[in-house]
Amino acid sequence: MAEQMSDVVTYEVTEDGVAIIRADNPPVNALGYQNRLGLWNAIEKFDADATAKIALVHCDGRTFFAGADISEFGGVRADPLLPQVCDRYEAATKPVVASMHGTSLGGGFEMGLASHYRIAQKKSKVGLPEVHLGIIPGAGGTQRAPRVMGAANALEAITTGRHMSAVEAHELGAIDRLDDSGDPLAAGLAYCRELLAEGAGPRRTGERPVPDATPELFAEWTEKVKKTAKGQNSPLYCVEAVSACMLPIAEGLEAERAVSAKTHSDPQRPALVHAFFGERAVNKIPEAKVAPRKLETVGIIGGGTMGAGIAAAALNAGLSVVMVEMNAEAVARGEKNLRRNYASSVAKGRMTQAALDGMLEAKFSTSASYDALADVDLVIEAVFEKMEVKKEVFGKIDAIVREGAVLASNTSYLDVDEIAACTKRPQDVIGLHFFSPAHIMRLLEVVVGDKTAPDVVATGFQLAKMMKKVAVRAGVCDGFIGNRILGAYMKAANMMVEDGADPYEVDAAVRSFGYPMGPFQMGDLAGLDIGYFNRRGKDATRDPETRYSEGFLDRMYENGWLGQKTEKGFYDYAGGARSGPPNPEIPAMIEAERRKLGINAKPFSREDILRRYIAAMTNEAAKVVGEGIALRPVDVDMTSLFGYGYPRWRGGPMHHADAVGLDVILNDIREFAKDDPKFWEPAPLLVKLVEEGRSFADLNKG
Ligand code: T1G
């Protein structure tokens, strides 16, 4: 009879002396308090139980422990803590076996490493992903992983946090036995019986040496990680902790705990935990329980960079794709663009040419006629970003595509309601804003119009799931969530430059914040003609009272300095380089523009620049949430993280604003508003939150 060790752990001894320590804590057997308590009680009982000769740690459900319970982070955790539990398992006086399946991650894999023998299901994964949460494997993982797989391999696994196949972990020596039966309990029991028959005793990982742990190895990794961490502290904490494996295990564990304590007071940890839960929270939408429509075939209109990227994303998701272009020549170009998206995968050996050809043969077709779209489940239009063009396309597809199909526009700014209105079925129309390159970038803004049906929204989210993308629900406005906020901080950057800031200093300041590139580098990459045409398109409707601060950008367009594609923009890209020194003609050009406008340049420090950049971002984001364009602040955060290069370790603009203090940011906005009250008009939501002493995080709670 199984005995309850806690709410979620039981203990039972078989007739031949195997003590089964069994956890059942759905959905992922996270090591929350009830799991830790039960595991502790069970190992104490096992050690004292004369009828038990060997213990088997097993989890019911879809996975072995997927790690510590992340939702407990930041609160006070009750004893026994996970490090104590792991140490206690290693210290057991009789052998302990872990039978792993599903995803044995973080503290779960550490439980495995603290056990004396490890068997894993062949298709399962293991890993130490703590680095992504701003912490280190702090339950002995930094000391025990090097002892089973070597210090260099452990450093790689721990600093990248990647999920490793059980097969690879077995090859590295971290797993003793693989099993393919799909029955981790039976396989674990059989292994225990074999070990008993052999007379195996406890085999403690902590007692093993680490031959390749040298000061040189750690010095080398410290340098390496400094270059790749991009401002994130946890990879460096990881190297520091693993380096303690040069010490005897007890001292090593003590050193690990000291580093772990540092990670717990680092603000990057709550930011990264916010990102972890945020990635999942964005799926909690009003339509979450609505069944999506059938989704097997996708028609894509347009074979340019965007259309070809979307086609690749759809094919990778297992969907059948038909690409429609204007004529045979454009069709051929579209197919070429699509194949180009796979070139590096083929070159790097991730996919064979034959596999690519086979997939395209089976799942991809092209046509120069809209008739080919008649039976698809979803049409995604990816043509030129101009309302007239989009309307014409939607008129055509409305006449051809079957009833019940979803009609989507990949627009980045345009009014989805206006597009929907030119069809007879506005309920089927939705915006699906992909980010370039669409087969790589994770974000998908699902833009919901006034009349969009709930199951159409659900289908958009289903598509994102199939494509392994992060979908964010957005309402209709100019630029939706992401581009609207981008527009505001770009405007702030442009105004600063007109007023005296050096554009290269603006880029450097933004990079120092953690972005991979600054706004002017970004402009060069995207092409400065895009912004130019966007501005011209809005000339007629621009509010004359708002400041126009893009004159210097217009001059650049007139000079033919469009960025990387013309080998000259803010920077010089002679010879087609992807980066280069500043364009030496820029400062004089900007100065001439200032003179023309009668502006006396004033200095901007890096701090001044960032204060304005962040204030503009926060203020616009608060408007976007206040107006209901984004459902919650967390939706803005995930949009920024997955589509705009916002540093994940800062959690997102709203999380960061909370950390800085909303009152501090509002004060900045009010100070800047003295010069330009129109642009710096405080968001009503921000004012309200400050008055009520509340935060953006409070709004995420629902
Ligand atoms: N803690 C709490 N909740 C968790 C959780 C965890 N570790 N893992 C998942 N969930 C929730 C998740 O929020 C979601 O909830 C539901 O479970 C299903 O997850 C000392 C301290 C295991 C690969 O980093 O990578 O150990 O949204 O939708 O796609 O060193 O979840 O349904 O309400 O993601 O099948 C290290 C994190 C912890 C693993 C499953 N462990 N989890 O993916 O389902 S730190 C991790 C995952 C640690 C020690 C330290 C994935 C998964 P809801 P899901 P999935």
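Numbering of residues starts from 1 in each chain and follows the order in which that chain's sequence is written. In keeping with the predicted nature of the model, local features appear solely for residues at pLDDT of at least 70, side-chain atom pairs appear and are counted solely at 80 or more, and the whole-chain, interface and lining totals rest on all residues.

Where an unreviewed UniProt entry is consulted, the protein appears under the name 3-hydroxyacyl-CoA dehydrogenase, with the organism given as Albimonas donghaensis. UniProt positions are given in the numbering used here, feature names are shortened, and annotations may be inferred rather than shown by experiment. In its Pathway (unreviewed entry) section, the UniProt record describing the protein reads: "Lipid metabolism; fatty acid beta-oxidation." The UniProt entry for the protein carries the following comment under Catalytic activity (unreviewed entry): "a (3S)-3-hydroxyacyl-CoA + NAD(+) = a 3-oxoacyl-CoA + NADH + H(+)".

Asker: Looking at this structure, I do not really get the overall build of the protein. What am I missing?
Answerer: For the protein, the helix and strand inventory stands at 29 helices and 18 strands. Relative to its length of 702 residues, the protein is compact, with a C-alpha radius of gyration of 29 Å against a globular reference of 27 Å. Dimensions of the protein, computed from the C-alpha atoms along their principal axes, are close to 90 × 60 × 55 Å. Here contacts are defined at the residue level, using C-beta atoms placed from the backbone and a cut-off of 7 Å between them. Sequence separation of 24 or more characterises 72% of the internal contacts of the protein that already satisfy a separation of 6 or more. Helix and strand assignments follow DSSP, with helices taken as H or I runs no shorter than four residues and strands as E runs no shorter than two, numbered in order from the N terminus. For this measure, only C-alpha atoms enter the radius of gyration; the expected value for a globule follows 2.2 Å times N^0.38, where N is the number of residues.

Asker: Would you explain the UniProt feature "domain: 3-hydroxyacyl-CoA dehydrogenase C-terminal" (unreviewed entry) in the protein in this entry?
Answerer: The residues that UniProt annotates with the feature "domain: 3-hydroxyacyl-CoA dehydrogenase C-terminal" (unreviewed entry) are residues 479-573 and 610-694. Strand forms 0% of residues 479-573 and helix 59%; the C-alpha atoms that close the span are 30 Å apart.

Asker: How should the packing of helix α19 (residues 503-513) against helix α24 (residues 606-626) be read in this particular structure?
Answerer: A pair of packed helices is captured by two measures, namely the crossing angle of their axes and the spacing between those axes. Convention adopted: a line fitted to C-alpha atoms gives each axis, helices being fitted over their contacting stretch, and angles between N-to-C directions are expressed from 0 to 180 degrees. Interhelical geometry of α19 versus α24 gives an angle of 70° and a closest axis separation of 9 Å. Relative to α24, the element α19 lies roughly perpendicular. Facing Glu505, Val506, Ala509, Val510, Ser512 and Phe513 of α19, the residues of α24 in contact are Arg606, Ile609, Leu610 and Tyr613. Each residue is assigned to one of three groups, with Ala, Val, Leu, Ile, Met, Phe, Trp, Tyr, Cys and Pro labelled nonpolar, Asp, Glu, Lys and Arg labelled charged, and all others, Gly among them, labelled polar. Taken together, the residues that form the contact of α19 with α24 break down as seven nonpolar, one polar and two charged. To sort the angles, those under 35 degrees are grouped as roughly parallel, those over 145 as roughly antiparallel, those from 65 to 115 as roughly perpendicular, and the leftovers as oblique.

Asker: Sorry, what's going on with the environment of Gln143 here?
Answerer: With respect to the helices, strands and loops of the structure, Gln143 is situated in helix α4 (residues 141-149). Residues with at least 20 neighbouring C-beta atoms inside 10 Å of their own are called buried, those with 12 or fewer are called exposed, and the rest are partly exposed, where every C-beta is derived from the backbone. Judged by the 29 C-beta atoms lying within 10 Å of it, Gln143 is buried. Apart from the residues lying within four places of it in its own chain, the contact partners of Gln143 are Gly206, Ala244, Cys245, Ile249, Gly252, Leu253 and Glu256.

Asker: Before we go on, may I ask you to explain the UniProt feature "domain: 3-hydroxyacyl-CoA dehydrogenase NAD binding" (unreviewed entry) in the protein in this structure?
Answerer: Annotation from UniProt places "domain: 3-hydroxyacyl-CoA dehydrogenase NAD binding" (unreviewed entry) at residues 297-474. From the first C-alpha to the last, residues 297-474 spans 24 Å; its make-up is 43% helix and 21% strand.

Asker: I would appreciate a short explanation of unusual backbone geometry in the present structure.
Answerer: Residues apart from glycine generally show negative phi values, whereas peptide bonds are mostly found in trans. The amide bond that connects Asp79 to the next residue, Pro80, takes the cis arrangement and shows omega of -5°. Note on placement: Pro80 falls in the loop between β4 (54-59) and α2 (82-90). At Asn29, a position not held by glycine, the phi torsion is positive, near 55°. Assignment of secondary structure puts Asn29 in the loop between β3 (18-23) and α1 (33-48). The residue Lys230 is not glycine, and still its phi comes out positive at about 50°. In this structure, Lys230 sits in the loop between α8 (215-228) and α9 (234-243). By the C-beta count within 10 Å, which is 14 here, Lys230 ends up partly exposed.

Asker: Please explain the sheet that holds β4 as it appears in this structure.
Answerer: Note on sheets: strands pair through backbone hydrogen bonds, and any given pair is parallel or antiparallel. A pair of strands is treated as paired once DSSP finds two or more bridges between them. Ordered by their spatial adjacency, seven strands build an open sheet running β1-β2-β3-β4-β5-β7-β10, and the pairing between neighbours is mixed. Either end of the sheet is taken by a strand with one partner, and the two such strands are β1 (3-4) and β10 (177-179). As judged from the two bridges shared by β1 and strand β2 (residues 9-13), these two strands associate in the antiparallel manner. Looking at β2, one finds that Gln4 is bridged to Thr10. Of the strands in this sheet, β2, β3 and β4 are in contact with α1, which crosses β2 at around 20°. Along the sheet face, helix α7 (residues 184-198) touches β3, β4, β5 (96-100), β7 (117-121) and β10 and points at about 165° away from the line of β4.

Asker: Would you mind showing me how to read the sheet that holds strand β11 (residues 297-301) here?
Answerer: One open sheet accounts for eight strands, arranged β13-β12-β11-β14-β15-β16-β17-β18; its pairing is mixed. Edge positions in the sheet fall to β13 (364-367) and β18 (470-474), since each has one partner strand and no second. Each strand axis lies, on average, 25° off the axis of its neighbour in the sheet, ignoring direction. Judged from the three bridges that link them, strand β15 (residues 406-409) and strand β16 (residues 429-434) form a sheet pairing that is parallel. If you follow Leu407 over to β16, its bridge partner there is Val429.

Asker: Is there a simple way to explain the confidence of the model for the protein in this structure?
Answerer: Looking at the protein as a whole, the pLDDT averages 96, with 100% of positions reaching at least 70. Scoring of the predicted complex yields 0.94 for pTM and 0.96 for ipTM. As a per-residue measure, pLDDT reflects the predictor's confidence and takes values from 0 up to 100.

Asker: What am I meant to see in the site of the ligand here?
Answerer: The criterion for a residue being near a molecule or strand is simple: its C-beta atom, placed using the backbone, must lie within 6 Å of it. Near the ligand lie 24 residues; those nearest to it are Ala66, Gly67, Ala68, Gly106 and Gly107. Counting residues per element, the ones that place at least two in the shell around the ligand are β6 (103-105) and α3 (107-114). The class makeup of the residues in the shell around the ligand is 13 nonpolar, seven polar and four charged.

Asker: In this structure, what is going on with α19? I would like to understand it.
Answerer: One turn of the α-helix equals 3.6 residues, which is why residues spaced by three or four share an orientation. What α19 keeps buried is the set Pro503, Val506, Asp507, Ala509 and Val510. Taken around the axis of α19, the buried residues stretch over an arc of 160°, which confines them to a single face. Throughout, the arc means that of the directions going from the helix axis to the C-beta atoms.

Asker: So what exactly am I meant to see when it comes to the packing of α19 against helix α20 (residues 519-526) here?
Answerer: Their axes nearest at 7 Å, the elements α19 and α20 cross at an angle of 100°. By the angle between their directions, the pair α19 and α20 is classed as roughly perpendicular. Residues Pro503, Val506, Asp507 and Val510 of α19 touch α20, and the partners they reach there are Pro519, Phe520 and Gln521. Taken together, the residues of the contact of α19 with α20 sort by class into five nonpolar, one polar and one charged.

Asker: Would you explain the pairing of strand β12 (residues 320-324) in this entry?
Answerer: Note on strand geometry: in a regular strand, side chains alternate between the two faces of the sheet. A large share of β12 lies buried, amounting to four of its five residues. In this sheet, β12 lies alongside β11 in parallel orientation, the contact comprising five bridges. Counted as the bridge partner of Gly299 is Val322 from β12. Pairing between β12 and β13: four bridges, direction parallel. Directly across from Val321, in β13, lies its bridge partner Phe364.

Asker: I would appreciate a short explanation of the nonpolar core in the present structure.
Answerer: The tendency in soluble globular proteins is for nonpolar side chains to be buried as a group. Each nonpolar core consists of buried Ala, Val, Leu, Ile, Met, Phe, Trp, Tyr and Cys residues. Their C-beta atoms, within 7 Å, join them into a set. In this structure, Val97, Val379 and Val446 are the most contacted members of the largest nonpolar core, which totals 209 residues. Excluding residues within four positions of it along the chain, Val379 makes contact with Gly299, Ile301, Leu373, Ile397, Val401, Ala405, Leu407 and Ala408.

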